[in-house]
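Results of the structural survey
Letter by letter, the chains look like this.
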Amino acid sequence: MRPLRTLLLLVTLGVALSASATHNRAGEIIVCHLGGLEYRITVITHTKLSAPADRPELEINYGDSPIQDTILRTDIDDFPDQDLRRSEYVTTHTYTGYGEFVIMIDDMNRNGGVINVPNSIAQSFSVRTLLRISPVTGRNNCSAQFLNSPIQDACLNQPWVHNPAAFDPDGDSLSFEPAICLGRFGLPIPGYSYPGPSYSIDPITGTISWNAPPLVGEYNIAFIVREWRLVNGVWREVGYVMRDMQITVRPCNNQPPVIQARADTCVVAGTLLNFTVQASDPNATQAVTLEALGQPFELATSPATFLEPTAGNPVNGIFNWNTQCAHVRSQPYMVVFNATDNWQPVQLQAYGTMMIKVVGPAPQNPMATPVGNTIALQWDQSICSNAVRYLIYRRSGPYGFTPDHCELGVPAYTGYTLIGTNEGLGNTSYTDDADLVIGNSYCYMVVAVFPDGAQSYASVEFCAMLDRQVPVITKVSVGTTDVSAGIDTVRWSNAYDLDTIARPGPYRFNLYRGTGLTTATELIWTSSVHPFLAHPDTGFIDTGLDTEAQPHVYRVELIGRADQATPDVIGSSSPASSVFIATTPDDEQLTIAWSLNTPWTNSSYEVFRDVGGSWVSVGTSTTTSFVDTGLVNGQEYCYLVISTGAYSDPSIGSPLLNWSQEVCGIPVDRTPPCAPSVSIENDCEKPLNTLTWNNPNDGCADDTHGYRIYFTDSIGGVFQLIAVVDGAENTMYQHVDGSSVAGCYQVTAVDTVGNESAFVAAVCGDNCPGYTLPNVFTPNGDGHNDRFGPFPYRGVERIDLQVFNRWGKVVFRTEDPDIEWKGTYLDSDSPLPDGVYYYLCQVTYIRLAGKELVELKGYVHIQGGNAQGNVH
């Protein structure tokens, strides 16, 4: 590698182009990490073998400075039947730290006659790759790579398809998008066009389709393959590779072959994936060859194989892959099947893609064992030694989950929640002691997790139930609603699993009460002493309460050896509260909402309304609220709610029915009109902002009275009321903030009782700055176009302009937006010679969101002024 100290992109323009330099057809840049901040960079080019021009060395820019380097060719492959030379240029480069680096080549010239590249013989060939070195996304070991050639043939007026067979060695997710071919300085080629309206690329598989080529000749297309990595639940781009490729369309009477589609699939690591792929051709006389490409065939350990059949019609290929745990990852492997016919002179192709996900096996032999007031879990170590942790999920009662094909982890719809994470392959036990309630069955599933976050199939459900060694409350029901004479009924079931030998009687119960939903500490009742566990006193009616303003919560305590001076406090039930309801008024409706805290699970709630002294059911809810509609504003309505629930222990009777207190409410209009849909006409030349919006009375309201206009001069600023518009039919407002039209607006609707609609997405106007530079000036003193300066501009605060000559030397710089360069060297009066000069210009605009920095780059010709100028 020999350093060539030239400024990137600054090469003389306007020189005569020789046909001997026309050769570039396709290429891309691949980058891989070596260690530390050192990377191996491989430039791959495809050129015309017949062209006299050749490139034993190539100029490259690493994206970390304007200086470009020269790298030597390291490999050549010639394909005379395709007039093709494939060259590789390999080098290494060490970066200084984190950052985003666009690695680029810019080599003259493309081959001539490319139909969709204007004057292709005079266009440079440029491709780029983005390397992101970031502590957020982690190390990118290698960029995306391709297994299929970028030199392809197509048949006139026949559908053409191609798949580059891209893969990422790191297992990152790939996306594909079309791109404009790049020319000089890495800029889009002026006038470039995609092959046609029917040209597209699949963003997931990368399959490119063109239906159909209308002209014979060569076409160039480009596309970008982006790498994505899931970091803390957010998809972040790791980098991208741009490939430029060439299609040669030839006249022929041929139709492409057909591949039988294969559905995407999952395979458990350690098992064999085997299937057959069939291809055929509509022309029975043609023979078809079938091959497969993709990362599974490139793996270092246990790669996939594809038994390619002898050419025929139809043909069947056999795919085999003995998967291993090392193959498990979060992203699927893409396999590309390619069928090619044997028509001459153009062999048409068909592509089929298949996603194969290698998943970790489910943890085996899980067990759940009650231990006191906890449940001990254990399972076998994953057979995959590269598993790094386990996720433990729980729900009350079984769901009966059987994962569907490719359904990994524990889906949310099962009602399971994550309760723990065990780090380490051998960490295969867990003690659940969180909020367990006697009387409920608890079920668990375990999932193994791999280094990149891939999850295995879930284990089978396994369940356990705590022994009933303390009482279980089964009823807390309001009998009377009153501020001082309210009544609650409390009932419970005994501790029938208690070891009466270890915890002998006689026994008694203590009942505790509290206000609210959670804590019961006030002792309100003590039962009689009974010699046996089957104590008859398992209920209590609590009187003299305020059941109108607040709920009550209860707890039952079991006492053994109750006849001794130091009794045995065996334990308490979980607390249980009454159902407490409240109403919220709205326009012709009341929302009845309730709260409660019970150790059993409530499956439904029935809402009753007092109608003429009788309680009538008006609806059922499975949530904790209900909206009663069709009411009359100003009239009082009264309600109560009955909850229906059960423990998952079938030995505890069900259903458990409990009454709330009674509550009344009066509906009133609290519903604002719908927020208007606002649009803005931002005229930055008058200047004037014109707001228009719809009348909510035309759709979702009938009582809109007027509007309020709010304004802020900056994004994130505080909105201030600037105007009130009376009349629902008046839906336009004009505004200017001095001479500025930068600002954001909110328009709200107000009804006849003062309800105001909410703020929604603001509409904003902005100053419209613009700054454009010419590409030629003639400093000859004739008073016309003597100075280099911008066309009329707006909204520019400052610039930072540097002008370079062909050797990369700065010949002029300024921060004045007017520039006024007279074609002289720096601040001197020494004229520069006629020619082409490259500029970089950082422009700072004044915008609504703050200052905006825009980079302009291009070239300017000095003509007819300083033909004999001094060379600097």
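Attention here is on the structure that accompanies the text. (Residues numbered from 1 in each chain as written. Predicted model: local features only at pLDDT ≥ 70, side-chain atom pairs only at ≥ 80, totals over all residues. Heavy atoms only, no water.)

Following Met-108, the chain continues into Asn-109 via a peptide bond in cis, with omega recorded as 5°. Considering the arrangement of structural elements, one finds Asn-109 in the loop between strand E7 (99-108) and strand E8 (124-133). Geometrically, the link from Ser-654 to Pro-655 is a cis peptide bond, its omega value of 0° lying close to zero. With respect to the helices and strands, the residue Pro-655 is situated in the loop between strand E46 (637-646) and strand E47 (656-659). Phi at Arg-561 is positive, roughly 45°, even though this residue is not glycine. Secondary-structure assignment places Arg-561 in the loop between strand E38 (552-560) and strand E39 (568-572). Backbone geometry at Glu-588 places phi at a positive 60°, although glycine is not the residue there. Following the sequence through the fold, Glu-588 ends up in the loop between strand E41 (580-586) and strand E42 (589-595). (Helix = DSSP H or I, 4+ residues; strand = E, 2+ residues; numbered from the N terminus.)

Judged by pairing direction, the sheet is antiparallel, and its 3 strands sit side by side in the order E41-E42-E45 without closing on themselves. On the outer flanks of this sheet lie E41 and strand E45 (625-629), each paired with one strand and no other. Averaged over neighbouring strand pairs, the angle between their axes works out to 20° when direction is ignored. For E42 and E45, the ladder comprises 5 bridges, and the chain directions are antiparallel. Bridged to Gln-589 within E45 is Thr-629. (Pairing = 2+ DSSP bridges. Axes fitted to C-alpha atoms, helices over the stretch in contact; angles between N-to-C directions.)

A side chain with one charge can pair with a side chain of the opposite charge if their charged atoms come near. Per the stated rule, a full pass over the model turns up 29 salt bridges. Across the pair Arg-73 and Asp-54 runs a salt bridge, and its minimum N-O distance is 2.8 Å. Here the residue Arg-73 occupies a position in strand E5 (residues 67-79), and Asp-54 occupies one in the loop between strand E3 (38-48) and strand E4 (57-61), the gap between them amounting to 19 residues. Of the residues examined, Asp-54 reaches a relative accessible area of 30% and is grouped as partly exposed. One salt bridge connects Arg-503 with Asp-568, and the closest N-O pair in it is separated by 2.8 Å. You can see Arg-503 sitting in the loop between strand E34 (486-493) and strand E35 (508-515) and its partner Asp-568 sitting in strand E39, a full 65 residues away along the chain. Taking relative accessible area as the criterion, Arg-503 reaches 26% and is therefore assigned partly exposed. On the accessibility criterion, Asp-568 (14% relative accessible area) is buried. Residues joined by salt bridges that share partners form a network here, namely Asp-54, Arg-73, Asp-78 and Arg-85. (Salt bridge = Lys/Arg side-chain N within 4 Å of Asp/Glu carboxyl O. Buried < 20%, exposed > 50% of the residue type's maximum accessible area, 1.4 Å probe, protein only.)

Within the largest apolar cluster, 72 residues are counted, with the highest numbers of intra-cluster contacts made by Phe-319, Phe-337, Ile-375, Tyr-444 and Trp-492. Aside from chain neighbours lying at most four places away, what touches Trp-492 is Pro-471, Val-472, Ile-473, Thr-474, Phe-509, Leu-511, Trp-525, Asp-537, Thr-538, Gly-539, Phe-540 and Val-556. Counting 35 residues, the second-largest nonpolar core is a separate cluster that includes Phe-176, Ala-222, Met-242 and Ile-247. (Core = buried A, V, L, I, M, F, W, Y, C linked by side-chain atoms within 4.5 Å. Contact = heavy atoms within 4.5 Å.)

Right, let's talk about the packing of aromatic side chains for a bit. For the structure shown, the criterion picks out 34 aromatic pairs. With a centroid separation of 4.7 Å and an interplanar angle of 15°, the aromatic rings of Phe-275 and Phe-319 are classed as stacked. Separated by 44 residues along the polypeptide, Phe-275 in strand E20 (residues 272-280) and Phe-319 in strand E23 (residues 315-322) bring together distant segments of the chain. An identical accessibility class is assigned to Phe-275 and Phe-319; each is buried. Aromatic side chains Phe-777 and Phe-788 sit 5.6 Å apart centroid to centroid with 35° between the ring planes, which places their arrangement in the tilted category. Placement of the pair is Phe-777 in strand E56 (residues 776-777) and Phe-788 in the loop between E56 and strand E57 (796-804), with a sequence separation of 11 residues. The exposure class of Phe-777 is buried, given its relative accessible area of 0%. (Phe/Tyr/Trp six-rings, centres within 6.5 Å; stacked < 30°, edge-to-face > 60°.)

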